[in-house]
Amino acid sequence: MGQLRREQEPAVLSAIGVALSQLQEPRALPQLVTLASHPSEEARYGAAHGLAVLAAPEAVDALIRLSADTDRDVRDWATFGLGTMMEEIDTPELRDALAARLADEDPEIVGEALVGLAYRKDPRAIEPVREALRGDAVMVYALEAAAELGDPSFHPLLLAIRDAHAPSDSYFDRVLKDVLSQFEQRNSAEADEPT
C-alpha cells in the first residue's frame, strides 16, 4: 500500500488497484478513494477495481462518483461494482447512481445498471427491462434483470425472443432457457396456490 501512495505512473497505479481487488485489502481503502480522483482515467479504472470489493461507505461513495466518470471503462467498472459486486448494499444514493446509468450511451453500462437495480427490486428497472426485451439486440443483462425482477409481463416477451431466435448452444441461449424455466416455475407455483 505504500507503493500506492508513492507511485506516479498511471499504468502502475491501475495495476495496483486491480491487484488490490484480488486481495480485497480493506487497509487500502483511503488510498483507493484518493486514487478515484486521479487525473488519469487509467488510474481511476484501477481504483474502481479495488473499491468494488470493499463494502465500506467510502468505497460506495467513490464508486458512485466513478459511475459518472467521463471515461467509458471507468464508468463500466464502477457501475458493475455498484450493481453486482456490492449486491448486498442498498442505499438510495446507490440506486440513484444506477438509475442515472440507464441513460448512458453504452449498452453494456446500461445493462450493468439494469441488473443492479433488478437485484434491489427497484421499480425503475421494470420499463427499461421491458424495452430491452423488445429491442433488436437483446443482451444477457436484460435476461438476468428480468429473472431478478420476475415481472409477469416479461414472460411473453421472453417467449417471443425464444421463438424468434434460432436455437444454439450459446451462452445467451442457455441464460434464456434458464430464465424461461424460472418464469415457468413461478407460473406453476402461482397456479397451485389456493384462491
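Our subject is the structure that appears above.
Residues numbered from 1 in each chain as written. Predicted model: local features only at pLDDT ≥ 70, side-chain atom pairs only at ≥ 80, totals over all residues. Heavy atoms only, no water.

**With respect to the nonpolar core**
As a reminder of what qualifies: To define a nonpolar core, start from buried Ala, Val, Leu, Ile, Met, Phe, Trp, Tyr and Cys residues and group those joined through side-chain atoms within 4.5 Å. Only protein chains enter the accessibility calculation, which uses a 1.4 Å probe; a residue whose area is less than 20% of its type maximum is buried, one above 50% is exposed, and one in between is partly exposed. Under the DSSP-based scheme used, a helix requires at least four consecutive residues in state H or I and a strand at least two consecutive residues in state E, with every element numbered from the N terminus. Should any heavy atoms of two residues lie within 4.5 Å, those residues are considered in contact.
Counting residues in hydrophobic clusters, the biggest one holds 54 residues, and the most contacted among them are Leu51, Leu63, Leu82, Val129, Leu133, Leu143 and Leu158. Here this core gets 7 residues from one element, more than from any other, and that element is helix α10 (residues 140-149). In this structure Leu51 touches Leu29, Leu32, Val33, Ala36, Ala59, Ala62, Leu63, Leu66 and Met86, once residues within four positions along its chain are discounted.

**Let's talk about helix α11 (residues 154-164)**
We count it as follows: This arc corresponds to the set of directions leading from the helix axis out to the C-beta atoms.
By the burial criterion, the buried members of α11 are Phe154, His155, Leu157, Leu158 and Ile161. Looking down the long axis of α11, one finds its buried residues gathered within 165° of arc, a one-sided arrangement. Exposed side chains of α11 directed beyond 90 degrees from the buried face belong to Asp163 and Ala164. The secondary structure elements touched by the buried residues of α11 are α9 (126-134), α10 and α12 (171-192).

**Remarks on the side chain of Thr79**
Among the secondary structure elements, Thr79 is positioned in helix α6 (residues 72-85). What makes Thr79 buried here is its relative accessible area of 0%. Setting aside anything within four residues of it in sequence, one finds Thr79 in contact with Ser67, Leu98, Arg101, Ile109, Glu112 and Ala113.

**Some thoughts on unusual backbone geometry**
Notably, Gln24 is not glycine yet its phi reads approximately 50°, a positive angle. Mapped onto the secondary structure, Gln24 falls in the loop between α2 (10-23) and α3 (29-35). Using a relative accessible area of 49% as the deciding quantity, one classes Gln24 as partly exposed. A positive phi angle, near 55°, is found at Lys121, a position not held by glycine. Within the secondary structure layout, Lys121 lies in the loop between α8 (107-119) and α9.

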